[in-house]
Amino acid sequence: DTATGWGSTVFESLGNIHTQGKRNYLLNSDFQICQRGDTINHTWAGKKYTADRWLSHITNSTGSLDYSREENTTPEGYQDSLSTNFLRVTYTDPSAATDTQVSLLQLIEGKHTLIGDNVSYSFRVKPPPGADEIVVVMNRGDTAPDKATDRIAVVPGNWQEVKGTLDYTAATLTSDVITFGVFIAVGSDYSGDDIDIGIQEGTWEFSNMKVEIGVPTPFEEPDSAELLRCRRYYQRINLTDLQILGM
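Note that the coordinates shown come from a computational prediction; the quantities given were computed from them, not determined experimentally.

A. Highlighting the overall build of the protein. When you go through the protein residue by residue, the secondary structure sums to two helices and twelve strands. Secondary structure of the protein in N-to-C order comes out as α-β-β-β-β-β-β-β-β-β-β-β-β-α. When the 247 residues of the protein are sorted by exposure, 49% land in the buried category. For the protein, restricting intrachain contacts to residue pairs at least 6 apart in sequence, the fraction spanning at least 24 positions comes to 73%.

B. Inspection of the packing of aromatic side chains at higher detail. Evaluation of the coordinates by the stated rule reveals five aromatic pairs. With 5.6 Å between their ring centres and 85° between their planes, Phe 86 and Trp 159 make a pair best called edge-to-face. A residue pair is termed long-range when its members are at least 10 positions apart, and Phe 86 in strand β5 (residues 85-92) and Trp 159 in the loop between β9 (147-153) and β10 (160-168) qualify at 73 residues. Pair check on accessibility: Phe 86 and Trp 159 agree, each one buried. Ring geometry for Phe 123 against Phe 206: centres 6.2 Å apart, planes inclined by 50°, an arrangement best described as tilted.

C. Seen up close, the nonpolar core. One finds Phe 123, Ile 134, Phe 180 and Phe 206 to be the most contacted residues of the largest nonpolar core, which totals 43 residues. With five residues, strand β11 (residues 178-186) is the single largest residue contributor to this core. The residues touching Ile 134, leaving out its near neighbours within four places in the chain, are Phe 123, Val 125, Asp 150, Arg 151, Ile 152, Val 154, Val 182, Phe 183, Ile 184, Ile 197, Trp 204 and Phe 206. Val 135, Tyr 190, Ile 195 and Ile 197 belong to the second largest nonpolar core, which has seven residues in total.

D. Here's a closer look at the sheet that holds strand β6 (residues 101-108). Ordered by their spatial adjacency, six strands build an open sheet running β2-β3-β6-β11-β8-β9, and the pairing between neighbours is antiparallel. This sheet does not close on itself; its edge strands, each paired only once, are β2 (46-49) and β9. In this sheet, neighbouring strand axes are inclined to one another by 20° on average, regardless of whether the strands run parallel or antiparallel.

E. Spatial organisation of the sheet that holds β5. Taken together, six strands build an open sheet; the order of strands is β1-β4-β5-β12-β7-β10 and the sheet is antiparallel. Every other strand in the sheet has two partners, leaving β1 (39-42) and β10 as the edge strands with one partner each. Mean inter-strand twist for the sheet, computed between neighbouring axes without regard to direction, equals 25°. In the sheet, strand β4 (residues 64-71) pairs with β5 via eight bridges, with the strands oriented antiparallel.

F. Molecular detail of unusual backbone geometry. Positive phi outside glycine occurs at Arg 53, with the angle close to 75°. You can see Arg 53 is positioned in the loop between β2 and β3 (55-58). We note that Gln 200 has phi near 50°; this positive angle belongs to a residue other than glycine. Considering the arrangement of structural elements, one finds Gln 200 in the loop between β11 and β12 (202-213).

G. Structural view of the environment of Val 135. Within the secondary structure layout, Val 135 lies in strand β8 (residues 133-139). A residue is classified by how much of its surface remains accessible, and Val 135, at 0% relative accessible area, is buried. Residues Val 135 and Ile 195 lie 60 residues apart in sequence; the distance between their C-alpha atoms is 7.7 Å. Excluding residues within four positions of it along the chain, Val 135 makes contact with Thr 149, Asp 150, Arg 151, Gly 181, Val 182, Phe 183, Ile 195 and Ile 197.

H. Just the pattern of salt bridges, in detail. In the structure shown here, the tally under the stated rule is ten salt bridges. When the shortest N-O distance is used, the salt bridge between Arg 23 and Glu 212 registers 2.7 Å. Of this pair, Arg 23 sits in the loop between α1 (5-14) and β1 while Glu 212 sits in strand β12; the two residues are 189 residues apart in sequence, bridging distant segments of the chain. Under the relative-accessibility criterion, Glu 212 is labelled buried at 0%. What you see here is one network of salt bridges that share partners, running through Arg 23, Lys 210 and Glu 212.

I. Main features of the side chain of Asn 208. For Asn 208, the location among the structural elements is in strand β12. Judged by its relative accessible area of 2%, Asn 208 falls in the buried class.

Cut-off values and rules
Residues numbered from 1 in each chain as written. Predicted model: local features only at pLDDT ≥ 70, side-chain atom pairs only at ≥ 80, totals over all residues. Heavy atoms only, no water. Helix = DSSP H or I, 4+ residues; strand = E, 2+ residues; numbered from the N terminus. Buried < 20%, exposed > 50% of the residue type's maximum accessible area, 1.4 Å probe, protein only. Contact = heavy atoms within 4.5 Å. Phe/Tyr/Trp six-rings, centres within 6.5 Å; stacked < 30°, edge-to-face > 60°. Core = buried A, V, L, I, M, F, W, Y, C linked by side-chain atoms within 4.5 Å. Pairing = 2+ DSSP bridges. Axes fitted to C-alpha atoms, helices over the stretch in contact; angles between N-to-C directions. Salt bridge = Lys/Arg side-chain N within 4 Å of Asp/Glu carboxyl O.

In short, geometric facts, not functional conclusions.
See below:
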């Protein structure tokens, strides 16, 4: 996604999103904005955008990912959820390839504001039956201190809150962005990371995503300007509504 049209100009007038009382460094943290459509299918090796700012990543072409934005006042099994939106991710891989990695990613700008701090994450997740682990990665390089990893046990079939703190106090300014990633499948033969959690096919659900400095705090709903922030990177233009003006 690139900055195009008036969305970029409007974003600049909003100022830095992290100086407006927002603790959360993730955009579209409740998945309410889906300019590409409420359902997305990803069937090739590589990355593809789903809900705005959220990237699907799969390394094996035999796998398939189906994404859908869902709305529910209180997602089943988590009655105190603040968000009315959540992202449903269904992963299937007929080959169960052991060299596969599957993750949900977001690129975070403003790296200088996170470097040198402890960075915390929190989100709610409902894993499929048989899934018992999830991995969170903050990545600005391939090794520590520019890469921090957390491996968390989860309970399959239930909504639950996952949270933790990653040590980024010694990270360096070597990249333009920081990648936040939630890994739902990493095969034993995947060469990119030594975090084998298995293939873990099935339907995952995510809500209330948050990355912030310091310790985890309660989720904050995105404000009314969130769509404009997302339009800095992507926006739909209806060509049939355009009029050509001349003199």
